[in-house]
Amino acid sequence: MILAQISSVAAYLPQDRLDNAALAKVFPKWTPEKISRKLGIDVRPVADKNETAVDLAVCAAQRLFQEGLARRDQIDFVILCTQSPDYFLPTSACLLQDRLGLPKTCGAFDINLGCSGYVYGLSVAKGLIESRVAKKVLFITSETYTKYINPEDRVTRPLFGDGAAATLLEAVDVPAATCEQSNDVFSRHATLGPFEFGTDGSGAELLMVQAGAARMTATPETKIPVVAATGNYNSREELFMHGAGIFNFSIEVVPELVKRFDAMTQAHGERVDAYIFHQANKFMLDRLRELCDVPEEKFYNNMQTRGNTVSSSIPIALIDAMRDGKLHPGDLALLVGFGVGLSWGACLARLPETFRVASLR
C-alpha cells in the first residue's frame, strides 16, 4: 500500500531585515517594545527589490539538494504555492523546474493560496503520490508580501515578512496487512492526514490587493494611497487588511476545527505531540491557544525573528521547532492554516523517524 510522507523540509529567509527600531521611526506613536509586545515580532526578513518569490523558492530548494535531503533527478512533480508570482503567465513552477535543473519529465503547477496554502499543498502532493502519479513531490511555498505593502501602512508593515520553504514528500510502501491490522488512520504508517478544509469567500475583502488584475486593472487612480478607518494607509494596488475582521474569523473557525481533530485522535487512543499553527501574530495565537485549550508546551510560536511569512510560516515553524527540541521524528503534529480567502485547512502529520530539516541560516 502506497502512502505519502513528509521526508524533509528546508527554508530560506532574505538577508535584509526590518526591525522594530526602524518601524518606530515611521510610526512615532509606537515604541519598539510596544510593537514586540503586541505582535511578538522583533525583526522581519524582507526581500530585496530585485528578489522575487521564485528567487526565494530556488534558494529554499537548493538547501534540500545541497544538504543531501533530496535529489534533483528523482523529483517527479514540483508544486509552488504563491500569491507573488514572477509573471501573470507562465506558471512560476515551470520557471522553477528550469532553474533547479529538474527533469523535463517533471510535472509543475502553481497554487494561488496564502495562509492555508501549506496544508492545501500537502493534500495535493499526497493525492499525486497515493494515486501513483508521482513518487517524489517537491512542494515549495514562497511569498513576498512586503512588495505589496505601503511603507506607511501601520496595519500590515509591522506584521509580514518574506520567506520560502521547500518540502519533500515521497511514497512509502507499507504492507497492506500491516495497515489492515491497525485498522486505524492514526497508525505509525498513516503519515499524512486526515485533512479538513473550509472556505468563506464572502470575507475576501478582509485581506486583499484590489487592483492590478482583470477585475480592476491598474490606473493612475488606483496608485493613490488613502487612509482607512482601520488604520491602513494604502492604494488599491497595495495590501489591505482588516485586522479585526481576520481576528474574528479566526477565533470563530479555528477552535472548532482543532477540537474536532482532538476528539478524533482521542477516540483512537492517540495524542497530538505538537500544534503548529499559521504564524499570524502573537495576540491571535495566544487567544487561539486558550480557546483551543492547548497546553503551552505543545503550542509552537516562532514569530520573533520571522514575522508572518504567509504560506511558509508552518514549514518554517516545523524547522524551528525541530531545532528547539519541541518537535521530533515520530511525533504527531496538527498543522493548521487560516487566513486570506477566507480559507482554512488542517491536517495531522506523523513525522517519520527519518524526518530531517535543513539548516536555516
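See the structure printed just above.
What you see as residue numbers is a count from 1 along each chain, following the sequence as written. Side-chain atom pairs in this predicted model are given and counted only at pLDDT of 80 or more, local residue features only at pLDDT of at least 70, and totals for whole chains, interfaces and linings cover all residues. Calculation of side-chain values draws on the structure's entire complement of heavy atoms; hydrogens and water are dropped beforehand.

(A) Region of the structure containing the packing of aromatic side chains. When the centres of two rings from Phe, Tyr and Trp lie within 6.5 Å, Trp using its six-membered ring, the rings pair. Their planes under 30 degrees apart give stacked, over 60 give edge-to-face, and anything left gives tilted. For the coordinates displayed, the defined rule picks out eleven aromatic pairs. For the ring pair phenylalanine 77 and phenylalanine 109, a centre distance of 5.6 Å and an interplane angle of 70° mean the geometry is edge-to-face. Here phenylalanine 77, found in strand β4 (residues 77-81), pairs with phenylalanine 109, found in strand β5 (residues 107-111); they are 32 residues apart in sequence, far enough to count as distant. For each residue, the accessible area found with a 1.4 Å probe, counting protein chains only, is set against the maximum for its type, and the residue is called buried under 20%, exposed over 50%, and partly exposed in between. For phenylalanine 109, a relative accessible area of 29% gives the class partly exposed. Seen in terms of ring centroids, tyrosine 145 and phenylalanine 160 are 5.2 Å apart; in terms of plane orientation they differ by 50°. Their pairing is tilted. Linking tyrosine 145 in the loop between β6 (136-143) and β7 (163-173) with phenylalanine 160 in the loop between β6 and β7, this pair joins segments that are 15 residues apart in sequence. Pair check on accessibility: tyrosine 145 and phenylalanine 160 agree, each one buried. Under the scheme used here, helices are H or I runs from DSSP no shorter than 4 residues and strands are E runs no shorter than 2 residues, and both carry numbers assigned from the N terminus.

(B) A look at the sheet that holds strand β14 (residues 332-339). The strand order across the open sheet formed by four strands is β8-β15-β14-β13, and the pairing between neighbours is mixed. Looking along the sheet, the strands with just one partner apiece sit at the ends: β8 (192-199) and β13 (274-277). Across this sheet, the average inter-strand angle for adjacent strands is 15°, counted without regard to direction. Relative to β14, β13 is paired through four bridges, and the arrangement is parallel. Note that in β14 the partner of alanine 274 across the bridge is alanine 333. Here helix α9 (residues 313-323) sits on the sheet in contact with β13 and β14, set at roughly 145° to β13. Criterion used throughout: strands pair if DSSP finds at least two bridges between them. Here the axes come from fitting lines to C-alpha atoms, over the contacting stretch only for helices, and the angles between their N-to-C directions go from 0 to 180 degrees. The contact criterion used is simple: two residues touch if any of their non-hydrogen atoms lie within 4.5 Å.

(C) Geometry of the pairing of strand β1 (residues 2-12). Most of β1 is tucked away, with eleven of its eleven residues classed as buried. Here ten bridges tie β1 to β7, and the two strands are oriented antiparallel to one another. Residue pairing in the sheet places leucine 3 in a bridge with valine 172 of β7. In this structure, β1 lies alongside strand β16 (residues 356-357), joined through two bridges in parallel fashion. Bridging across to β16, valine 9 finds its partner in valine 357.

(D) Structural view of the environment of leucine 334. Relative to the helices and strands, leucine 334 resides in strand β14. Under the relative-accessibility criterion, leucine 334 is labelled buried at 0%. Each C-alpha atom of the pair leucine 334 and aspartate 98 lies 34 Å from the other, and the pair is 236 residues apart in sequence. Not counting chain neighbours up to four residues away, the residues in contact with leucine 334 comprise Val258, Phe261, Val272, Ala274, Tyr275, Ile276, Ala346, Cys347 and Leu348.

(E) Up close: the packing of helix α7 (residues 243-267) against helix α8 (residues 282-292). Packing of α7 against α8 brings their axes to within 9 Å, and their N-to-C directions diverge by 40°. Relative to α8, the crossing made by α7 is right-handed. Of α8, the residues touching α7 (which contributes Ile246, Phe247, Ser250, Ile251, Val254, Pro255, Val258, Lys259 and Asp262) are Phe283, Met284, Arg287, Leu288, Leu291 and Cys292. Under the scheme applied here, ten amino acids are nonpolar (Ala, Val, Leu, Ile, Met, Phe, Trp, Tyr, Cys and Pro), four are charged (Asp, Glu, Lys and Arg), and all others, including Gly, are polar. Each residue belonging to the contact of α7 with α8 can be placed in one class, and the counts come to eleven nonpolar, one polar and three charged. The handedness criterion is simple: a crossing whose near helix is rotated anticlockwise from the far helix by less than a right angle is left-handed, and one whose near helix is rotated clockwise is right-handed.

(F) Molecular detail of the side chain of lysine 136. Counting through the fold element by element, lysine 136 comes out in strand β6. Nitrogen and oxygen atoms within 3.5 Å of one another constitute a polar contact, given that in protein one can donate a hydrogen and the other can accept it, and given that sequence-neighbouring residues count only through two side-chain atoms. Within the structure, lysine 136 has its side chain in polar contact with the side chain of glutamate 170 (distance 2.2 Å). Setting aside residues up to four positions removed in sequence, lysine 136 forms contacts with Gln74, Ile75, Asp76, Phe77, Leu168, Leu169 and Glu170.

(G) Region of the structure containing the side chain of asparagine 281. Assignment of secondary structure puts asparagine 281 in the loop between β13 and α8. For asparagine 281, a relative accessible area of 13% corresponds to the buried category. A polar atom in the side chain of asparagine 281 sits 2.8 Å from the backbone nitrogen of methionine 284. When sequence neighbours within four positions are dropped, the list of residues in contact with asparagine 281 reads Leu39, Leu159 and Met303.

(H) Helix α4 (residues 92-99), seen in detail. Among the residues making up α4, those that are buried are Ser92, Ala93, Leu96 and Gln97. All buried residues of α4 project into a common sector of 150° when viewed along the axis, lining one side. On its buried face, α4 sits against α3 (53-66), β4, β5 and β6. Comment: arc refers to directions from the helix axis out to C-beta atoms.

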